[in-house]
Amino acid sequence: MASRRIASFVSRSLHPISPGGKQKFAGRGIYRYSTAASAAAIEDPIKPPVSVLYDKLLINGQFVDAASGKTFPTLDPRTGEVIAHVAEGEAEDVNRAVASARKAFDEGPWPRMTAYERQKILLRSADLVEKHSDEIAAIESWDTGKPYEQTSQVEVPMFVRVFRYYAGWADKIHGMTIPADGALHVQTLHEPIGVAGQIIPWNFPLLMFAWKVGPALACGNTIVLKTAEQTPLSAYLVGKLLHEAGLPDGVLNIVSGFGPTAGAALCNHMDIDKLAFTGSTDTGKVILELAAKSNLKPVTLELGGKSPFIVCEDADVDKAVELAHFALFFNQGQCCCAGSRTYVHEKLYDEFVEKAKARALNRLVGDPFKIGTEQGPQIDQEQFNKILGYIRAGQECGATLETGGDRVGTRGYYIQPTVFSDVKDDMVIAKDEIFGPVQTVLKYKELDEVIRRANNTKYGLAAGVFTRNLDTANTLTRALRVGTVWINCYGIFDAAIPFGGYKMSGIGREKGEYSLKNYLQVKSVVTPLKNPAWL
């Protein structure tokens, strides 16, 4: 199971593979950031064991140039250097992609083949992704800066699991027969919604591809997918494999480009029947407005968060420190559900802060392709500057910088794991989504108090609770206004578990059976009965 792989990955991160163990990548690149003499290791990046083969738009089953002929660079976060020049899709390209998807839906075989046939194609797709897992993981790490151990051992297997999960649902989608007053036969049909527009983010491009494309295809829809401009590469590679698995031309179209051009064209398009977006809350608001002003297309949104991680009075401090560290620092802190407000009971606070500081100092920052690396670079210069700006703001508003606070090395977008103590709820680092390796530790006294403070945010995506008391866990589970509560665990993303937020963290749910509803229309059919034997 993917959730077990996450757990084992966390365990491995505590005990990096020894130099004598089996390694896929050799060379320098790991930097325990407190050891200044090792900083130069990051300056010599390891050559990725993969080449970029697909950098054009995927429309109607073919890789094609943008209509304008324009391209844009996708950069290596380790160095800021160009990996590849990718076709830059704009409104005309979105129009071509939507026309292809519309024809495939209105005239093509995909919604008309049996659900069992669709299921077999999805299963073959998962098999091919699994077969090419090393290549896909390497492309993803190169483009995003994620540790290769994370992409290969967690994210590609989770992609495969999600696709197999929705393949299993393909032939189990059905309506109901409903008793009604009078001599009537009433049934509901669950029909594919049509052409789905999907926009995925840069922090988990591969997984968000699976979360959106999997259920949409299982329901019989066609798709126009826009990638994040920072991370377009894995989607094209996986899109190629899906076509090799037998996906008909036009069913999945992929456009790389920028939000104000390609993204806006997709959201405004009158022939898109449904939108799904993962990204920032501010962008989500724009998408919702564009959808309303065009054809009132339904929208699902998975947006930002400022998730509380609550360490209760009875907690085992060592275990709580490790789990809180994972909840915040995983994926370089670039998680919408990161446990970015660590609330610790006053009796444990001082001990927790000291141990959290020590754990951050011990975090292995380095080249994503080096075995044992826990933290790679941030995604780009913009995020890098934003995070360092928040660190400065934390210091200026009176929080105590326990460790970190600066870049690692002089090349690329590496940032030291950073821990702040003495954080207050009204500080900007406790309110804004930093989206980086910055842990803020806050003190609380009473359970009712921490519930009130944890809920005092515009976000409501997730929360973590660390306690040995079942009554305390149950109280917090029901009181916290969030879409997911993890009790004595964090970041469990099984394919069957729905994920989404309250308040300004989004609309709707992804994964699980709930996600299917995003891509289906319900039609009621009523037929009079003549002389029925029963009603």
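To start, this report covers the structure provided alongside it. Model, not experiment: these values are computed from the prediction.

## Topic: the packing of helix α14 (residues 447-455) against helix α15 (residues 470-479)
Then step 1. Remark: α14 packs on α15, axes separated minimally by 11 Å, with the N-to-C direction vectors making an angle of 30°. Relative to α15, the element α14 lies roughly parallel. In this structure, the crossing between α14 and α15 has a hand that is right-handed. Where α14 approaches α15, its residues L447, I451 and N455 are matched on the opposing element by T472, T475, L476 and A479.
Then step 2. Its residues placed into classes, the contact of α14 with α15 shows 4 nonpolar, 3 polar and no charged.

## Digging into the pairing of strand β7 (residues 184-192)
Then step 1. Two elements, strand β6 (residues 177-178) and β7, share 2 bridges in a ladder whose sense is antiparallel. Residue I178 lies in a different strand from β7, and its bridge partner there is V186.
Then step 2. Counting the residues in the hairpin turn of β6 and β7 gives 5 residues, including G182, whose phi is positive at 105°.
Then step 3. Relative to strand β22 (residues 520-528), β7 is paired through 9 bridges, and the arrangement is antiparallel. In the sheet register, T188 faces β22, and the bridge partner there is S524.

## With respect to the pattern of salt bridges
Then step 1. Within the structure shown, the criterion is met by 26 salt bridges.
Then step 2. D271 is the partner of R102 in a salt bridge, and the nearest nitrogen-oxygen pair spans 3.3 Å. Of the two residues, R102 sits in helix α2 (residues 91-106) while D271 sits in the loop between α8 (259-268) and β11 (274-278), which places them 169 residues apart along the sequence.
Then step 3. Judged by its relative accessible area of 28%, D271 is partly exposed.

## So, the pairing of strand β9 (residues 222-227)
Looking down a regular strand, the side chains alternate between one sheet face and the other.
Then step 1. The element β9 is largely enclosed, with a buried count of 6 among its 6 residues.
Then step 2. Neither face of β9 is left uncovered, since the one carrying T222, V224 and K226 and the one carrying I223, L225 and T227 both have all their residues buried.
Then step 3. Where strand β8 (residues 195-199) lies against β9, 5 bridges are found, and the strand directions are parallel. Each residue of the ladder has a partner; that of I199, found in β9, is K226.
Then step 4. Handedness of the β-α-β unit built from β8, helix α6 (residues 205-218) and β9 comes out right-handed.
Then step 5. Alignment of β9 against strand β10 (residues 252-256), held across 5 bridges, turns out to be parallel.

Calculation criteria
- Residues numbered from 1 in each chain as written.
- Predicted model: local features only at pLDDT ≥ 70, side-chain atom pairs only at ≥ 80, totals over all residues.
- Heavy atoms only, no water.
- Axes fitted to C-alpha atoms, helices over the stretch in contact; angles between N-to-C directions.
- Helix = DSSP H or I, 4+ residues; strand = E, 2+ residues; numbered from the N terminus.
- Parallel < 35°, antiparallel > 145°, perpendicular 65-115°, else oblique.
- Left-handed = near helix turned anticlockwise from the far one by under 90°.
- Contact = heavy atoms within 4.5 Å.
- Nonpolar A, V, L, I, M, F, W, Y, C, P; charged D, E, K, R; others polar.
- Pairing = 2+ DSSP bridges.
- Salt bridge = Lys/Arg side-chain N within 4 Å of Asp/Glu carboxyl O.
- Buried < 20%, exposed > 50% of the residue type's maximum accessible area, 1.4 Å probe, protein only.
- Right-handed = clockwise from strand over helix to strand, strands pointing away.

That is the geometry; function is a separate question.
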